[in-house]
Amino acid sequence: MAKKASKSRPKAKSTKKKNPLRISKQNKIILGSLLILFSIALFFSFVSFYFTWEHDQSLLSEFKDRNEEAKNLLNKFGASISHFFVYKGFGISTLIIPFLLCLSGIYMFLGLNKKGLLNKWIWGLLFLIWFSIAFGFFATESPLLGGLVGYEMNDFLQDYTGKIGVLLLLLFGLVFIMVRLFNLTPEGVAAYFKSKRNELSADFKNTKSDKGSDNPEEITKSGEDEEPVIIDTYTHKEEIPHLNKETDKKELEVTVPENLEEEQLAMEVEQIVEEPEEVDVLANKLVDDFGEFDPTLELGNYKFPTIDLLDAHGVTGGITINQEELEENKNKIVDTLKNYKIGIAQIKATIGPTVTLYEIVPEAGIRISKIKNLEDDIALSLAALGIRIIAPIPGKGTIGIEVPNKNATIVSMRSVIASSKFQKAEMELPIAFGKTISNETFVVDLAKMPHLLMAGATGQGKSVGLNAVLTSLLYKKHPAEVKFILVDPKKVELTLYNKIERHFLAKLPDSEEAIITDNTKVINTLNSLCIEMDNRYELLKLAMVRNLKEYNTKFKARKLNPNDGHKFLPYIVLVIDEFADLIMTAGKEVETPIARLAQLARAIGIHLIVATQRPSVNVITGIIKANFPARIAFRVTSKIDSRTILDAQGADQLIGRGDMLYTQGNDVTRIQCAFVDTPEVAKITEYIGSQRAYPEAHELPEYVGEDSGTSVDYDIADRDKMFREAAEVIVTAQQGSASLIQRKLKLGYNRAGRIIDQLEAAGIVGPFEGSKARQVLVTDLVALDQLLENEIK
Ligand SMILES: Nc1ncnc2c1ncn2[C@@H]1O[C@H](COP(=O)(O)OP(=O)(O)OP(=O)(O)O)[C@@H](O)[C@H]1O
């Protein structure tokens, strides 16, 4: 055991050494070009050495004398280096060296994977040695072919094995290279010769028949013979089934695809003849004339926030590694497990910003559950909070023990936003949450989640997490592409976003504040969102597309007419901070629309982010949980809470300050949430807020609450604002249905229903008749005018 422990020591050290060895991209380009140029110089020196060596050899000792000049293309440098490598080295096969150097230079220059290169070097050097010995053996008269090394090696080998021995060794080397490098097998060779023989015999027959054609009698015969000869060749080829498959295939591929291509071409021509649809013609013309619709045009000068608005939080280099701490923890883990008679075959550490993952491979025959049960004992022996044991790590045959670092490194929002993973993310709504345990930036697409549930005890980083989400979107999305609805019962957390109201926020038509702090308004907003959802589905149906992305693409291509009610639809992200408070005060009234939105809104670009302090089952009800597959848990106080959020324990063992677990249904990932402080958010919102904005915040559809009408239905003064328009629609159409009002006036179902009740009370439509539309009691608009005027009198 002790042996094993000491064995793993160098491994930990190597992780430390990795960083200084890493070469930056610029340096790689410089080094790469240097290598390429050097290899060219070597090549010219070596080649010209063969023509100039006799003259230059005498000058080698006069290297320092500036008056002396060598004939080598690279003068004395070329003469000396060639003398060393070619004459004293490996002879003509030395030319492999500049080739290998040039290749390495190209790899470095282009930043290619070094694995393949190593292979080439190994083979190159083997060739170098083999050729050198071979030339040394066969061309003893010309020492420049095999070089001194070739000669000496031959001499050495011949002293022990004799000439025949060296010959056999060379032969073995040749076989080895052929088999390993060219995959040559006896069957392959035999098949090759067989096919060659067939080709030859076919050629032979052809020439024979060509010659025979001099004879008038045989002209017809040869014509008849021609085809069978060709068929014969093919049948022969097919008879070489397994061994020479590749050559066969090639020949077959050459013939078959050619025909196919011709056929495909013909088919394409036919397709072109098809008349394009009329809508497409119009759309294409519009696109030709005006270009694609650009939703960002209205705020064409909008500037995305710059990275310098974010703070590095004092973290400049990467993670600092404390070698002693690593060793200490490793020894403690090994010792603790040893006390329980659990031997470890291997141990490996991955250092993350807040925790270090020790991956262990237990010795054969040890039960995983035994290690899992020792969680508390290991935590005790390491004297640390937040130990989490993952047994086994999914997808790996190891057991993970996560141990918090003594000095956690803050993951700044700046570093994750600047990461190429986030910058290059081709996602609809990319969110950079932070960094994983292996220090990789963790970016996910909110559009794919499609809703997110966040929970964690107070002070563990929820608000910072919400800010990280919002900041990510602000850095990636134009105001035309995404709108936020912010619900903040605590009234302090999200107020900063007020500044970007007219850029990024959406609100109800009559409300003054865009950020909702009042619980009753939340209910209206949620219902309004449900109307928006219904409206969007209606638009999607008309456009015959399945989701928002397709809809917007079609709209941008000008295939949807704005006169039919089509418009560019931004994503809507609803953020609710402190959901527990809301559900306690409003109960079913919020649960129902939230569940409805969560179930249906994914396709039409409405996404919910719900955060709560209290992850108990009466807050995160079954129906909500079922519709929020993506969940984040910050530190919670009990195992039960952890189970409620994640369906697994672990969140109770986090260390707080943004340490979080993320799951999207299957495995749980531990992430250190990126830290974005309030002053940073203030700077970003200030930056955006100071730019030209839309005249108003994005308007949500109107929703009139259930209780605002019922008792006043019969009171003329309290009739719905749209009462008159609705009456006119009904009378004109002579059809008393709520859905007609809904459609024509773009109202929600509840409101249209209430207007119908008011119309009934006014005597304009008859009573409810089950599935049939109500009877319209007023015949035309003139009669309607009269009726309403009489009412006022
Ligand atoms: N990702 C992080 N990195 C470093 N420190 C953090 C991180 N997240 C939070 N913290 C620290 O924890 C403190 C509390 O965070 P935050 O305000 O987000 O907690 P909260 O869960 O929203 O609490 P509450 O529910 O009471 O509002 C922050 O002021 C900060 O010092």
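Residues numbered from 1 in each chain as written. Predicted model: local features only at pLDDT ≥ 70, side-chain atom pairs only at ≥ 80, totals over all residues. Heavy atoms only, no water.

Looking at an unreviewed UniProt entry, one finds the protein chain named DNA translocase FtsK 4TM domain-containing protein, with Maribacter cobaltidurans as its source organism. The annotation that UniProt attaches to the protein chain under Sequence similarities (unreviewed entry) is "Belongs to the FtsK/SpoIIIE/SftA family." If you open the UniProt record of the protein chain and go to Subcellular location (unreviewed entry), you find "Cell membrane". (UniProt positions renumbered as here; feature names shortened; annotations may be inferred.)

S.K.: Help me out: how do you make sense of the packing of aromatic side chains in this one?
M.R.: Geometrically, a pair of aromatic rings is defined through the distance of the ring centres and the angle of the planes. In the structure shown here, the tally under the stated rule is 18 aromatic pairs. Here the aromatic rings of Phe131 and Phe135 are separated by 6.2 Å at their centres, their planes lie at 25 degrees, and the arrangement is stacked. Of this pair, Phe131 and Phe135 both sit in helix α6 (residues 114-138), four residues apart, which is roughly one turn of the helix. Here a set of aromatic residues connected by ring pairs shows up, and it is made of Phe127, Trp130, Phe131 and Phe135. Sitting over the face of the ring of Phe137, Lys163 holds its NZ or CZ atom 5.8 Å from the ring centroid. Taking NZ or CZ as reference, Arg719 lies 4.1 Å from the ring centre of Phe723, over its face. (Phe/Tyr/Trp six-rings, centres within 6.5 Å; stacked < 30°, edge-to-face > 60°. Helix = DSSP H or I, 4+ residues; strand = E, 2+ residues; numbered from the N terminus. Lys NZ or Arg CZ within 6 Å of the ring centre and 35° of its normal.)

S.K.: Just checking my understanding: could you explain the site of the ligand for this structure?
M.R.: Within the structure, the ligand sits among 17 residues, and Thr458, Gly459, Lys462, Ser463 and Cys673 are positioned closest to it. Backbone polar atom of Gly459 to an oxygen atom of the ligand: 2.7 Å apart, as the coordinates give it. Measuring from an oxygen atom of the ligand, one finds a side-chain N or O atom of Ser463 at 2.5 Å. Coverage of the ligand by the protein amounts to 77% of the 620 Å² it exposes when considered alone. Secondary-structure elements contributing two or more residues to the shell around the ligand are α17 (462-476) and β14 (668-673). Looking at the shell around the ligand, the element that brings in the most residues is α17, giving three residues. Looking at the shell around the ligand residue by residue, the classes come out as five nonpolar, eight polar and four charged. (Near = heavy atom within 4 Å. Polar contact = N/O pair within 3.5 Å; in protein donor to acceptor, adjacent residues only side chain to side chain. Areas by Shrake-Rupley, 256 points an atom, 1.4 Å probe, with all protein chains shown as cover. Nonpolar A, V, L, I, M, F, W, Y, C, P; charged D, E, K, R; others polar.)

S.K.: Quick question: what am I supposed to make of the sheet that holds strand β10 (residues 571-576) here?
M.R.: In a beta sheet, neighbouring strands are held together by backbone hydrogen bonds and run either parallel or antiparallel to one another. Read across the open sheet, the nine strands follow the order β6-β5-β14-β13-β12-β7-β11-β10-β8; overall the sheet is mixed. Where the open sheet ends on each side, the last strands, each with one partner, are β6 (441-445) and β8 (482-487). Each neighbouring strand pair of the sheet contributes to a mean axis angle of 30 degrees, computed without reference to strand direction. Pairing of β10 with strand β11 (residues 606-612), which is carried by five bridges, proceeds in the parallel orientation. The residue bridging Leu574 from the neighbouring strand is Leu608, located in β11. (Pairing = 2+ DSSP bridges. Axes fitted to C-alpha atoms, helices over the stretch in contact; angles between N-to-C directions.)

S.K.: Before we go on, may I ask you to explain the pairing of strand β13 (residues 659-663) in this structure?
M.R.: Sheet faces and side chains relate simply in a regular strand, where the side chains alternate between the two faces. For β13, a buried count of five out of five residues is recorded, marking the element as mostly surrounded by other parts of the structure. Neither face of β13 is open: one carries Asp659, Leu661 and Thr663, the other Met660 and Tyr662, and all of them are buried. Across three bridges, strand β12 (residues 630-633) lies against β13 in antiparallel orientation. Bridge pairing in β13 links Ala633 to Leu661. Between β13 and β14, which pair antiparallel one after the other, the connecting turn spans four residues, and Gly665 there sits at a positive phi close to 115 degrees. (Buried < 20%, exposed > 50% of the residue type's maximum accessible area, 1.4 Å probe, protein only.)

S.K.: What exactly am I supposed to notice about the sheet that holds strand β3 (residues 388-390) here?
M.R.: With antiparallel pairing, four strands are arranged side by side in an open sheet as β1-β2-β4-β3. Looking at strand neighbours, the two that pair on one side only are β1 (344-351) and β3, the edges of this open sheet. The average angle at which neighbouring strand axes cross in this sheet is 20 degrees, direction not considered. Relative to strand β2 (residues 355-362), β1 runs antiparallel, the two sharing seven bridges. Across the sheet, residue Ile351 finds its bridge partner in β2, namely Thr356. Sitting on the sheet, helix α12 (residues 323-339) is in contact with β1, β2 and β4 (399-404), with an inclination near 40 degrees to β2. (Contact = heavy atoms within 4.5 Å.)

S.K.: I'm lost on the environment of Thr94 in this one. Help?
M.R.: Along the chain, the position of Thr94 falls in the loop between α4 (75-90) and α5 (96-110). Given a relative accessible area of 1%, Thr94 falls into the buried group. Leaving out residues up to four positions away in the same chain, Thr94 has contacts with Phe46, Phe85, Val86 and Leu128. At a separation of 2.5 Å, a polar atom in the side chain of Thr94 contacts the main-chain carbonyl oxygen of Gly91.

S.K.: I tried to follow α4 on my own but got confused; where do I start?
M.R.: It helps to recall that an α-helix has 3.6 residues per turn; residues three or four apart then point in one direction. End to end, α4 covers 21 Å across 16 residues, agreeing with the expected 22 Å (1.5 Å per residue, within 8%). If you check which residues of α4 are buried, you get Lys76, Gly78, Ala79, Ile81, Ser82, His83, Val86, Gly89 and Phe90. At the exit of α4 stands Gly91, carrying a positive phi of roughly 70 degrees. (Expected span 1.5 Å × (residues − 1).)

S.K.: What should I look at first to understand the packing of helix α26 (residues 723-733) against helix α27 (residues 738-745) in this one?
M.R.: The angle between the axes and the distance between the axes are what describe a pair of packed helices. Where α26 contacts α27, the axes come no closer than 10 Å and their chain directions differ by 115 degrees. The two elements α26 and α27 cross, and the hand of that crossing is right-handed. Together, Glu725, Ala726, Val729, Ile730 and Ala733 of α26 and Leu740, Ile741, Lys744 and Leu745 of α27 make up the contact between the two elements. Here the residues of the contact of α26 with α27 sort into seven nonpolar, no polar and two charged. (Left-handed = near helix turned anticlockwise from the far one by under 90°.)

S.K.: How should I be thinking about the nonpolar core in this particular structure?
M.R.: Proteins that are soluble and globular tend to have nonpolar side chains buried together. Core analysis: the biggest nonpolar cluster contains 102 residues, and Phe433, Phe484 and Tyr662 have the highest contact counts within it. Among the elements that line this core, the one with the most residues is helix α19 (residues 519-543), at nine residues. When near neighbours in sequence (up to four residues on either side) are disregarded, Phe484 contacts Leu470, Leu473, Leu474, Phe504, Leu505, Ala506 and Val573. Core analysis: the next-biggest nonpolar cluster, separate from the first, contains 22 residues, Val729, Ile755, Ile756 and Leu784 among them. (Core = buried A, V, L, I, M, F, W, Y, C linked by side-chain atoms within 4.5 Å.)

S.K.: Got a minute to help me understand the layout of surface pockets in this structure?
M.R.: The probe, sized like a water molecule, is rolled over the atoms to show the empty space still left. Of the volumes computed, that of the largest pocket is approximately 1,200 Å³. In terms of lining residues, the largest pocket is bounded by 46 residues, among which Glu532, Asn535, Leu539, Lys567 and Pro701 are the most central. Elements represented by at least two residues in the lining of the largest pocket include exactly α19, α22 (588-600), β15 (698-699), α27 and α28 (749-761). No other element matches α19, which puts eleven residues into the lining of the largest pocket. In terms of residue class, the lining of the largest pocket is built from 22 nonpolar, nine polar and 15 charged. Built from parts of two domains, the lining of the largest pocket gets at least three residues from each of domain 3 (413-440 + 453-691) and domain 4 (706-792). (1 Å grid on protein atoms, 1.4 Å probe; cavity = no way out; pocket = protein on both sides within 12 Å on 5 of 7 lines; lining within 4 Å. Points joined across faces, edges and corners; volume = space filled by probe spheres on them. Domains from an automatic or database assignment.)

S.K.: Can you help me understand the UniProt feature "binding site: ATP" (unreviewed entry) in the protein chain in this one?
M.R.: Within this numbering scheme, the UniProt entry marks Gly456, Ala457, Thr458, Gly459, Gln460, Gly461, Lys462 and Ser463 as carrying the feature "binding site: ATP" (unreviewed entry). The topology assignment puts Ala457 in the loop between β7 (452-455) and α17. Among all residues touching Ala457, those that are not within four sequence positions of it are Lys462, Gln613, Arg635, Val636 and Thr637. Along the polypeptide, Gly459 turns up in the loop between β7 and α17. Classification of Gly459 by relative accessible area gives exposed; the value is 69%.

S.K.: Whenever I open this one, the UniProt feature "transmembrane region" (unreviewed entry) in the protein chain confuses me. Can you help?
M.R.: Here the UniProt-annotated "transmembrane region" (unreviewed entry) positions come out as residues 29-53, 90-110, 122-140 and 160-182. Structurally, residues 29-53 is divided into 100% helix and 0% strand, and its ends, taken at the C-alpha atoms, are 34 Å apart. Between the end C-alpha atoms of residues 90-110 there is a gap of 30 Å, over a span that is 76% helix and 0% strand.

S.K.: Sorry, what's going on with the packing of helix α3 (residues 25-57) against α4 here?
M.R.: With their axes 7 Å apart at the nearest point, α3 and α4 run at an angle of 90 degrees to one another. By the criterion of interaxial angle, the relationship of α3 to α4 is roughly perpendicular. Along the contact surface, α3 presents Phe38, Leu42, Ser45, Phe46, Phe49, Tyr50, Trp53, Asp56 and Gln57, while α4 presents Phe77, Gly78, Ala79, Ile81, Ser82, His83, Phe85, Val86 and Tyr87. (Parallel < 35°, antiparallel > 145°, perpendicular 65-115°, else oblique.)

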